[in-house]
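# Architecture and fold: a report
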Amino acid sequence: MSLVVEVDLGPGLPAFLVVGLGDLAVQEARERIRAALRNSGFAMPSSRITVNLAPAHLRKQGAGFDLPIALGLLVAQGSLPADLLAGIWAVGELGLDGRLRPIKGCLAYACAARRAGARALLLPAADAAEAAWVDGLAVLPAASLQEAVRQLQEPSPLPSSQPTAAQQQGDPEMDLCQLRGQLAARRALEIAVAGGHHLLIVGPPGSGKTLLARCMAGLLPPLGKEELLEVRQVESVVGLGRSGQVPARPFRAPHHSSTAVALVGGGQRISPGEVTLAHGGVLFLDELPEFQSVVLEQLRQPLESGQIAISRAGQQVCYPARFTLVAAANPCPCGWWGDLRRSCRCGQHRRRRYWGRLSGPLLDRFDLQLWLARPSSEDLNPIAPAEPTASVRARLDAVLAATEARSGRRVRANGSLRGDTLWAVAEPTNAAQRLLDTLVDRLALTMRGRERLLRVARTIADLSGADVVDDLHLAEAMSFRALEGQESCVSDGGA
């Protein structure tokens, strides 16, 4: 929906009214515009000024309305021909000296202007390079109000600059070569990246849970062109990454004290949460059971739909939220249950209460559930060096390319397959079908759990270069359901 700025000069005592549900920053635009016009050499009308921000029922916020209001005033008093603004979108904050300051969300404005069929977008020069990523839209940069008027009179659009995909390198100190031993963990990480599967890692302190999660950043595939625009729009809206560099895939790790608003978005002035900031990348939740239960339950809808819809009185916003969820947890409050070299001090009741914070439906959304043991001295002093991230990433890139060529889908597609499409792509053999039926009956798997098991098996088959899913692929997929039913986490048995 386009926002329209209307300016009227009428009879009466001098006044400057802004209507249309503007917030405090919009109302304060009057003083900024007065000073900017005067210091830029333009006259300020001495009549009654009425500015209407349409549609009137939507709340307007931010200082981005300064520039269009100032241009509207110049047109209303005859200092600027009205036809110069035909098909032009304008946004920007004015300083008292008439300079244009950068704003949040410039890339989102550019995408919206293109969808609306705008002829050009006039905005602060500091934001222009980013807006020029959008195809089919002329971008007019201006450093001041005077320069904005000159751009309307003699347009000089910025050349389009198409971004290229950036390979996410991750933290060089978080390389897989630092992860000693833990072969099952490395395998789970490859499966998670290859298929876009959500991963839950459970293990005692020092077993490598956090390192494993952070190593995923270096294994993610490059951002495609459309994904890059989506990710950059989100970062632009919240004011991240203003350097103009092409972003890599996000890696977000909120603290376990985060509120529901911080995690999924919302607030009095609706803004994106961590699930949206992680769009296209990884959301890492360390100490998962320490999050409030009501906060974790907010994740269930975006994990399934890939978006988050936030409704408030008279306003609804839908943000993208397609991410890979990686969570880490201790096996109990003290962290040592199941460790053969340390004794647990918690007892069964405390363990049950600890894991009771995680609902069955939430656990069911983790395709991969991995139990890590603390590495032994032999693991910490291997004879041969561990495989580094770079070589694992090269192998995964080849698998992702083959998967995309097979299905015609974007990379990391297996984690989002559903229903008949999943069965058509998986093509389980008769032996795999019999094993799947046995597992469903024996473990009382839900329909969602059954499909998740088959999706992981399809990814394992892709990693092995197989065209169909057989019983070996399915058996390995089942080995990564270590917490199925939750009872294994809280019983008095071993890990």
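For the structure itself, look to the data block above.
Figured I'd write up the structure that's included with this text. (Residues numbered from 1 in each chain as written. Predicted model: local features only at pLDDT ≥ 70, side-chain atom pairs only at ≥ 80, totals over all residues. Heavy atoms only, no water.)

### Description of helix α18 (residues 419–426)
In an α-helix, one turn spans 3.6 residues, which is why side chains three or four residues apart end up on the same side. Inspection of α18 places Leu-422, Val-425 and Ala-426 among the buried residues, and these make up the whole buried set. Down the axis of α18, the buried side of the element spans an arc of 95 degrees, and every buried residue falls inside it. Along α18, exposed side chains directed more than 90 degrees from the buried face belong to Asp-420 and Ala-424. At the exit of α18 stands Glu-427, carrying a positive phi of roughly 50 degrees. (Buried < 20%, exposed > 50% of the residue type's maximum accessible area, 1.4 Å probe, protein only. Helix = DSSP H or I, 4+ residues; strand = E, 2+ residues; numbered from the N terminus. Arc of directions from axis to C-beta.)

### Examining the sheet that holds strand β3 (residues 48–54)
Strand order across the open sheet formed by three strands is β1-β3-β2, with mixed pairing between neighbours. Strand pairing shows two members of the sheet lacking a second neighbour, β1 (4–10) and β2 (15–19), which therefore form its edges. Across this sheet, the average inter-strand angle for adjacent strands is 15 degrees, counted without regard to direction. Pairing between β1 and β3: seven bridges, direction antiparallel. When the sheet's bridge partners are listed, Glu-6 is paired in β3 with Asn-52. The strands touched by helix α3 (residues 66–76) are β1, β2 and β3; relative to β1, the strand with the most contacts, the crossing angle is about 40 degrees. (Pairing = 2+ DSSP bridges. Axes fitted to C-alpha atoms, helices over the stretch in contact; angles between N-to-C directions. Contact = heavy atoms within 4.5 Å.)

### Notes on the pairing of strand β8 (residues 138–142)
The buried fraction of β8 is high, at four of five residues. Inspection of the sheet shows strand β7 (residues 120–124) paired to β8 by five bridges, in the parallel sense. Bridging across to β8, Pro-124 finds its partner in Ala-142. Crossover β7 to β8 through helix α5 (residues 125–131) is right-handed. (Right-handed = clockwise from strand over helix to strand, strands pointing away.)

### Quick look at the pairing of strand β16 (residues 324–329)
For β16, the buried fraction is high: six of the six residues fall into the buried class. Of the two faces of β16, the one carrying Thr-324, Val-326 and Ala-328 and the one carrying Leu-325, Ala-327 and Ala-329 are both buried. Note: strand β13 (residues 282–285) against β16, four bridges, orientation parallel. Looking across to β16, one finds that Leu-283 is bridged to Leu-325.

### A look at helix α7 (residues 183–195)
The terminal C-alpha atoms of α7 lie 19 Å apart, and with 13 residues this matches the ideal 18 Å at 1.5 Å per residue to within 8%. Most of α7 sits inside the fold, with 10 of its 13 residues counted as buried. Looking at the residues trailing α7, positive phi occurs at Gly-196, about 65 degrees. (Expected span 1.5 Å × (residues − 1).)

### Structural notes on a positive patch on the surface
Together, Arg-342, Arg-345, Arg-350 and Arg-353 make up a positively charged patch on the protein surface. Residue placement: Arg-345 occurs in the loop between β16 and α14 (347–355). The exposed category is assigned to Arg-345, whose relative accessible area is 62%. (Patch = residues over 30% accessible without salt bridge, like charges linked within 9 Å, V, L, I, M, F, W, Y side chains within 5 Å. Areas by Shrake-Rupley, 256 points an atom, 1.4 Å probe, with all protein chains shown as cover. Salt bridge = Lys/Arg side-chain N within 4 Å of Asp/Glu carboxyl O. Lys, Arg positive; Asp, Glu negative; His and termini not counted. Charge placed at Lys NZ, Arg CZ, Asp CG, Glu CD.)

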